Amino acid sequence: MKIAVYPGSFDPCTNGHLDVIKRASGLVDKLVVAVLTNSSKQPLFSADERASMLRLVTKDLDNVEVAVFSGLLVDYMKKINSRIIIKGIRAVSDFEYEFQMALTNRTLYEDVETLFLHTSKDYMFLSSSIVKEIAGYGGNLSGLVPNDLIPIIRGRYENPEC
């Protein structure tokens, strides 16, 4: 069974992320969307909230599983018996960083392969940071994030203590 891992913070999940998830799920037997907990970042949503949102928007994809992990990605991959990392690429600047990470992961786990999927041209500009900025100013999120997530994101800005 070919198991791939698509790691990220997904804070929040964008239509660009969902595009990569859908396309990657067609390439492997099982795709694990792995939500990273990173103590050095201050996310808008907790890791469990991000995982819950991802489960909501991937519920119709039978071979997609959502998990939360911390620590080294390669350690998590060994734990679930995966050798394939999926990374979405929007621009050359993404590639430079992700290529460095791919080489590092390969050094730490020689059996790992990183597959780069370019984002659809419709989402090349899109990032979670842009979504948060737009949402923070009350802007229109339609077309940027899955429709099911719009009220959740809006709610976070209306009730920031949640």
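Just so it is clear, the model here is predicted, and its values are computed rather than measured.

**Observations regarding the environment of valine 57**
At step 1: Tracing the backbone through its elements, the reader meets valine 57 in helix α2 (residues 47-57).
At step 2: Placed 35 residues apart in sequence, valine 57 and lysine 22 show a C-alpha to C-alpha distance of 10 Å.
At step 3: Excluding residues within four positions of it along the chain, valine 57 makes contact with Cys13, Leu18, Pro146 and Leu149.

**Description of the nonpolar core**
At step 1: In this structure, Leu31, Val33, Leu54, Ile86, Leu141 and Ile153 are the most contacted members of the largest nonpolar core, which totals 32 residues.
At step 2: When contributions to this core are tallied by element, the ones reaching two or more residues are β1 (3-8), α1 (15-25), β2 (30-36), α2, β3 (64-69), β4 (84-89), α5 (128-136) and α6 (150-158).
At step 3: In terms of residues, this core owes the most to one element, α2, which gives five residues.
At step 4: Aside from chain neighbours lying at most four places away, what touches isoleucine 153 is Pro12, Phe45, Val131, Ala135, Leu141 and Val145.
At step 5: Formed by 13 residues, the second largest nonpolar core is a distinct cluster that contains Ile3, Val32, Phe69 and Tyr109.

**Details of the UniProt feature "binding site: substrate" (unreviewed entry) in the protein chain**
At step 1: With numbering matched to this structure, UniProt assigns "binding site: substrate" (unreviewed entry) to Ser9, Lys41, Leu73 and Lys87.
At step 2: Structurally, the position occupied by lysine 41 is in the loop between β2 and α2.
At step 3: For lysine 41, a relative accessible area of 52% corresponds to the exposed category.
At step 4: With respect to the secondary-structure elements, lysine 87 resides in strand β4.
At step 5: With relative accessibility at 16%, the residue lysine 87 sits in the buried group.
At step 6: Look past the residues within four positions of lysine 87 in its chain and what remains in contact with it is Pro7, Glu98, Thr114, Leu115, Phe116 and Leu117.
At step 7: Side chain to side chain, lysine 87 and glutamate 98 meet in a polar contact 3.5 Å long.

**Overview of the pattern of salt bridges**
At step 1: Applying the stated criterion to the full structure yields nine salt bridges.
At step 2: Note that arginine 90 and aspartate 94 form a salt bridge whose closest N and O atoms lie 2.9 Å from each other.
At step 3: Arginine 90 sits in the partly exposed class, given a relative accessible area of 28%.

**With respect to the packing of aromatic side chains**
Aromatic rings in a pair are described by how distant their centres are and how their planes are angled relative to each other.
At step 1: With the rule as written, the count across this model stands at four aromatic pairs.
At step 2: Arranged with centres 5.2 Å apart and planes meeting at 75°, the rings of tyrosine 6 and phenylalanine 10 form a pair that is edge-to-face. Per residue, the accessibility class of tyrosine 6 equals that of phenylalanine 10, and both read buried.
At step 3: Geometrically, the ring pair formed by phenylalanine 95 and phenylalanine 116 is edge-to-face, given 5.3 Å between the ring centres and 65° between the ring planes. Taken together, the positions of phenylalanine 95 in helix α4 (residues 92-108) and phenylalanine 116 in strand β5 (residues 113-118) put the pair 21 residues apart, joining distant regions of the chain.

Analysis parameters
Residues numbered from 1 in each chain as written. Predicted model: local features only at pLDDT ≥ 70, side-chain atom pairs only at ≥ 80, totals over all residues. Heavy atoms only, no water. Helix = DSSP H or I, 4+ residues; strand = E, 2+ residues; numbered from the N terminus. Contact = heavy atoms within 4.5 Å. Core = buried A, V, L, I, M, F, W, Y, C linked by side-chain atoms within 4.5 Å. Buried < 20%, exposed > 50% of the residue type's maximum accessible area, 1.4 Å probe, protein only. UniProt positions renumbered as here; feature names shortened; annotations may be inferred. Polar contact = N/O pair within 3.5 Å; in protein donor to acceptor, adjacent residues only side chain to side chain. Salt bridge = Lys/Arg side-chain N within 4 Å of Asp/Glu carboxyl O. Phe/Tyr/Trp six-rings, centres within 6.5 Å; stacked < 30°, edge-to-face > 60°.

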